[in-house]
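Chain by chain, the residues run as shown.
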Amino acid sequence: MLLSIIISNYNLQQELLKRCIDSVLATGIQAEEYEMVVVDDGSAEPPVWIKEKYPFSNIRLLECEHGGLGSARNNGIDAAEGRYIIFLDGDDTLHTGNALQPCLDRLKQERPDILRFRFRYIAEGQPADNRKKQKVHFGNTISGAAYMANGNLPGSSCCYFIRKEFIENKRIRFTPHIYHEDEEFTTMAHFHAQTLIDSDAIIYNYHIRENSITRSKSPADIAKREADHLAVIKRLCKFRSDTLEHSNSIQRRALHRKLTMLAVDYIINSINNGKSIKEIHRTCNEELASVALYPFIKHGYGIKYNIFRKLANSTTGQRILRLLLPSPPKAGKQ
């Protein structure tokens, strides 16, 4: 079997999860080439209706105790039987156009560790228009570290086909019970990947829901997101130290760029969440400085980064950033 589509569900409305499953069925993939593993993360009412509505041998429901998105995906990885894995949140959908099959063909032909694709945002209530045909282009095969070293790596794990044997051999898993679990997982995967192919295929539809947990503005949720973000940065810094002796120059450069951008994102998120400049500066000097990520130093990461670093390195500059930064985008998930 080529592909395992791991669908995570937690207390979703039936119509949303059904929309997700139906989008997979509408892609036209041959049934023998894939499976859907619907992982229910301890919902109050597990979606047992799946067995009746979809009595197909390639759709499985895996009921688990509640452990958060990372735990659900780990359970899906363990249960997956396909050579490749793709993660699909239960409130999102796959694009049902023509871009998926060329990617599957490339997986069969070249068997990369990772194949990247693109996603698009769909506003709440807006239908997914899948009629537009795409002409899919693929980049040259490079290492995951080279890809991460030369650009700003998308954090979401839902942008990739990932070879299961590869992440099994490297023991790459999500950290349970946290936000920002994707950032850690994708960084580790790219650090280790020997072969990566980039494509411009639009395969994933992110459906924006204003009441989703990652968009919550409650003080408790904001505080947990910020704490988890810092914890991910620190774990990746420890990983960098632990692997320093055995990593190559490209891997070291890749980790430094990713960690720098995670620190940038932390400051931007803190400003957008209304955290005081005094508190942001304290965190920078105590937390980010302790892992050598602050103050920011000059790098060839582009003009925007160098403008940002000059402002972010002082309280006055951070106050200016608060005025300059646009409001948080309504499109997106963490």
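Residues numbered from 1 in each chain as written. Predicted model: local features only at pLDDT ≥ 70, side-chain atom pairs only at ≥ 80, totals over all residues. Heavy atoms only, no water.

Colleague: So what exactly am I meant to see when it comes to the overall build of the protein here?
Modeller: Helix and strand counts for the protein come out as twelve helices and eight strands. Dimensions of the protein, computed from the C-alpha atoms along their principal axes, are close to 60 × 40 × 40 Å. Counting across all 334 residues of the protein, residues that qualify as buried make up 54%. Counted over contacts in the protein with a minimum sequence separation of 6, partners at least 24 positions apart contribute 79%. For the protein, the exposed area adds up to about 15800 Å²; of that, 52% sits on carbon and sulfur atoms. With 46 positive and 39 negative side-chain charges, the protein shows a spacing of 8 Å between the two charge centroids. (Helix = DSSP H or I, 4+ residues; strand = E, 2+ residues; numbered from the N terminus. Buried < 20%, exposed > 50% of the residue type's maximum accessible area, 1.4 Å probe, protein only. Contact = heavy atoms within 4.5 Å. Areas by Shrake-Rupley, 256 points an atom, 1.4 Å probe, with all protein chains shown as cover. Lys, Arg positive; Asp, Glu negative; His and termini not counted. Charge placed at Lys NZ, Arg CZ, Asp CG, Glu CD.)

Colleague: When you look at the pattern of salt bridges in this model, what are you seeing that I'm missing?
Modeller: Under the criterion given, the structure shown has 20 salt bridges. Between Glu-33 and Lys-108 there is a salt bridge whose closest N-O contact spans 2.4 Å. On the criterion of sequence distance, the pair formed by Glu-33 in the loop between α1 (14-25) and β2 (34-41) and Lys-108 in helix α4 (residues 100-110) is long-range, its members being 75 residues apart. Given the relative accessible area of 14%, Glu-33 is considered buried. Taken together, the shared-partner salt bridges connect Arg-73, Asp-89, Glu-181 and Asp-182 into one network. (Salt bridge = Lys/Arg side-chain N within 4 Å of Asp/Glu carboxyl O.)

Colleague: It is not clear to me how the nonpolar core should be interpreted in this structure. Could you clarify?
Modeller: Note on soluble globular proteins: their nonpolar side chains tend to be buried together. Residues Leu-3, Ile-5 and Phe-161 are the most contacted members of the largest nonpolar core, which totals 67 residues. For this core, the leading source of residues is strand β8 (residues 196-207), giving six residues. (Core = buried A, V, L, I, M, F, W, Y, C linked by side-chain atoms within 4.5 Å.)

Colleague: Any chance you could explain the side chain of Arg-309 here in plain terms?
Modeller: Within the element layout of this structure, Arg-309 appears in helix α11 (residues 303-312). Of the side chains bearing the opposite charge, Asp-265 lies closest to the buried Arg-309, which forms no salt bridge; the N-O distance is 16 Å. Within the structure, the side chain of Arg-309 is placed 2.8 Å from the side chain of Asn-306, a separation counted as a polar contact. Once residues within four sequence positions are removed from consideration, Arg-309 is found in contact with Phe-296, Ile-297 and Lys-298. (Polar contact = N/O pair within 3.5 Å; in protein donor to acceptor, adjacent residues only side chain to side chain.)

Colleague: I'm lost on unusual backbone geometry in this one. Help?
Modeller: Outside of glycine, negative phi angles account for most residues, and trans bonds account for most peptide bonds. Pro-295 follows Tyr-294 through a cis peptide bond whose omega is 0°. Relative to the helices and strands, Pro-295 is located in the loop between α10 (277-288) and α11. Of note in the backbone geometry, Asn-11 takes a positive phi value of approximately 55° without being a glycine. Within the fold, Asn-11 resides in the loop between β1 (3-9) and α1. Using a relative accessible area of 41% as the deciding quantity, one classes Asn-11 as partly exposed.

Colleague: I tried to follow the packing of helix α8 (residues 219-243) against α10 on my own but got confused; where do I start?
Modeller: In helix packing, the relevant descriptors are the interaxial angle and the interaxial distance, both defined with respect to the helix axes. Relative orientation of the contacting elements α8 and α10 amounts to 25°, with a least axis distance of 12 Å. What the angle tells us is that α8 and α10 run roughly parallel. By crossing handedness, the relation of α8 to α10 is classed as right-handed. Residue-level inspection shows Leu-230, Ile-233 and Lys-234 of α8 in contact with α10, the latter providing Thr-283, Glu-287 and Leu-288. (Axes fitted to C-alpha atoms, helices over the stretch in contact; angles between N-to-C directions. Parallel < 35°, antiparallel > 145°, perpendicular 65-115°, else oblique. Left-handed = near helix turned anticlockwise from the far one by under 90°.)

Colleague: I'm lost on the pairing of β8 in this one. Help?
Modeller: The two faces of the sheet receive side chains in turn, since in a regular strand these alternate between them. Burial analysis of β8 places ten of its twelve residues in the buried class, which makes it a mostly covered element. For strand β5 (residues 93-94) and β8, the ladder comprises two bridges, and the chain directions are antiparallel. When the bridges of β8 are listed, Leu-94 appears paired with Tyr-204. Pairing analysis gives eight bridges linking strand β6 (residues 114-122) to β8, with the strands arranged parallel. Looking at the pairing, Arg-116 lines up with Asp-198 of β8. (Pairing = 2+ DSSP bridges.)

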